[in-house]
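Next come the chains, spelled out residue by residue.
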Amino acid sequence: MHSETAQEEVVESSARQGSDFLKEFRSAGRGFWGNVSDSDWNDWRWQLKNRITTLAQLQRLMPTLTPEETAGTRLANQKLALAITPYFFNLIDAADEHCPIRAQMIPRVEETHTASWEMSDPCGEDSHSPVPGLVHRYPDRVLFLVTDRCAAYCRYCTRSRLVSNATGYDFHPEFDKQIAYIAEHPEIRDVLLSGGDPLLLSDEKLEFLLSRLRAIPHIEFLRIGTRIPVFLPQRITPALCAMLKQFHPLFLSVHSNHPRELTTEVRDALGRLADAGIPLGNQSVLLRHVNDDAEVMKTHLQKLLMCRVKPYYLYQCDLIAGSSHLRASVRRGLDIMEQLRGHTTGYALPTYVIDAPGGGGKVPVSPEYVLSRNADRVVLRNYEGKIFEYAEAADGSPLTPAPHQIEEPELG
Ligand code: SF4
């Protein structure tokens, strides 16, 4: 990277300072809850009981609430409830209207505007549900929804029709029927527990579910999708980790979007899960003014690796009703991926995907690196924009000339 003017140098150096700052692990602190005992603060049930769920609480804790946020919060309970754990609330910068944590958590009136292409079930889950609470969209795996509750609610949630029950969806998973369906379908080898957030269930209930699934001979692989380590790291107790490790191979997909979410508390919680031998992946959603910036994204991905988490997917924000104000464009996403590939560790790179609207499943999208391809050669572009030829002979005969870099950059 180089700058041509003094102004660019200033911008560049402040961007670097920003990523260095974001890269550091800090505690979320106690904020407004300084008088709470350590045992209460570190008790996940206390955190849940003391969530911020009303406009009055928000106004008291955050006098800087804007008119858009006030109006949005007033209407939130008709769409997706407001709930934020005290721990996570401490990450909101009340002085910054554009705080990336605030944008994900505080309802805004724009949520009531539904664009013509937005839907209440953008991934078509309900139409692929053979049994209430089970989605069978791909051939060899199912999505097992175990609850409609989360520790906190993300304003862009793709399942907002269901989670928090604000719209009266009246979700009732029927575990017996869900498990019976899985047992009757030998093609299912992979079960993803999701919701809502499965780690909100008690250890006993989770153990009961996981042992019933493990008892099905054709189930090879179990996964849990959760945002609990980020919203409520106190829930990741040694007892939970000891229980989960009985069910290997069990993977866990965390959901974190911004480097500020990765605090010392979260790093320690993820460390406990990793020490229990649970492979950890992360799923992020590309969100406007939250993480649609290559430097912020790179810092987040690198910080995840420091927490022993492999970035797994970067999702284009689904076309969920009322989310236009949070959606970054696909062009922006591709641009960010272009600025990551080759510029940082390959392990840090997630697959950028669009969940095809209406139930088409995840489609990977990527900047173009293959410029052309025919029977005897592939022309490639690397991360620096240099062009290379990779020759291949279908019959295995010696390649003449050997593969080489192409000198005419205009080919690119
Ligand atoms: S944690 Fe997941 S399921 Fe819950 S509100 Fe956030 S995105 Fe939706």
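Residues numbered from 1 in each chain as written. Predicted model: local features only at pLDDT ≥ 70, side-chain atom pairs only at ≥ 80, totals over all residues. Heavy atoms only, no water.

Moving on: the pairing of strand 4 (residues 221-226). Successive residues of a regular strand alternate their side chains across the two faces of the sheet. Counting buried residues along strand 4, six of its six residues qualify, which places the element largely inside the surrounding structure. Side chains Phe-221, Arg-223 and Gly-225 project from strand 4 onto one buried face, and the interleaved Leu-222, Ile-224 and Thr-226 project onto a second face that is buried too. Where strand 4 meets strand 5 (residues 250-255), five bridges bridge the pair, whose relative direction is parallel. Across the sheet, the residue bridging to Gly-225 is Ser-253, located in strand 5. (Buried < 20%, exposed > 50% of the residue type's maximum accessible area, 1.4 Å probe, protein only. Helix = DSSP H or I, 4+ residues; strand = E, 2+ residues; numbered from the N terminus. Pairing = 2+ DSSP bridges.)

Take the packing of helix 8 (residues 175-184) against helix 9 (residues 203-214) next. Running from N to C, helix 8 and helix 9 cross one another at 25°; their axes reach a closest spacing of 10 Å. Between helix 8 and helix 9, the angle falls in the class roughly parallel. Both helix 8 and helix 9 take part in a crossing whose hand is right-handed. Listed contacts from helix 9 to Phe-175, Asp-176, Ile-179 and Ile-182 of helix 8 are Lys-205, Leu-209, Arg-212 and Leu-213. For the contact of helix 8 with helix 9, the class distribution of residues is five nonpolar, no polar and three charged. (Axes fitted to C-alpha atoms, helices over the stretch in contact; angles between N-to-C directions. Parallel < 35°, antiparallel > 145°, perpendicular 65-115°, else oblique. Left-handed = near helix turned anticlockwise from the far one by under 90°. Contact = heavy atoms within 4.5 Å. Nonpolar A, V, L, I, M, F, W, Y, C, P; charged D, E, K, R; others polar.)

Attention now goes to the pairing of strand 9 (residues 361-364). The pairing of strand 8 (residues 351-356) with strand 9 spans four bridges and is classified as antiparallel. Bridge pairing in strand 9 links Asp-355 to Lys-362. Counted along the chain from strand 8 to the antiparallel partner strand 9, the turn is four residues long, and its residue Gly-358 has a positive phi close to 90°.

On to the pattern of salt bridges. Evaluated as defined, the whole model comprises 28 salt bridges. One salt bridge in this structure joins Lys-79 and Glu-111, with 3.9 Å as the shortest N-O distance. Highlighted residues: Lys-79 in the loop between helix 5 (67-76) and helix 6 (86-89) and Glu-111 in the loop between helix 7 (100-105) and strand 1 (134-138), separated in sequence by 32 residues. You'll find Lys-79 and Glu-111 in the same group, each marked buried. Each member of the salt-bridge network shares a partner with another, and the members are Asp-121, Glu-125, Asp-126, Arg-159 and Arg-161. (Salt bridge = Lys/Arg side-chain N within 4 Å of Asp/Glu carboxyl O.)

These figures capture arrangement, not role.
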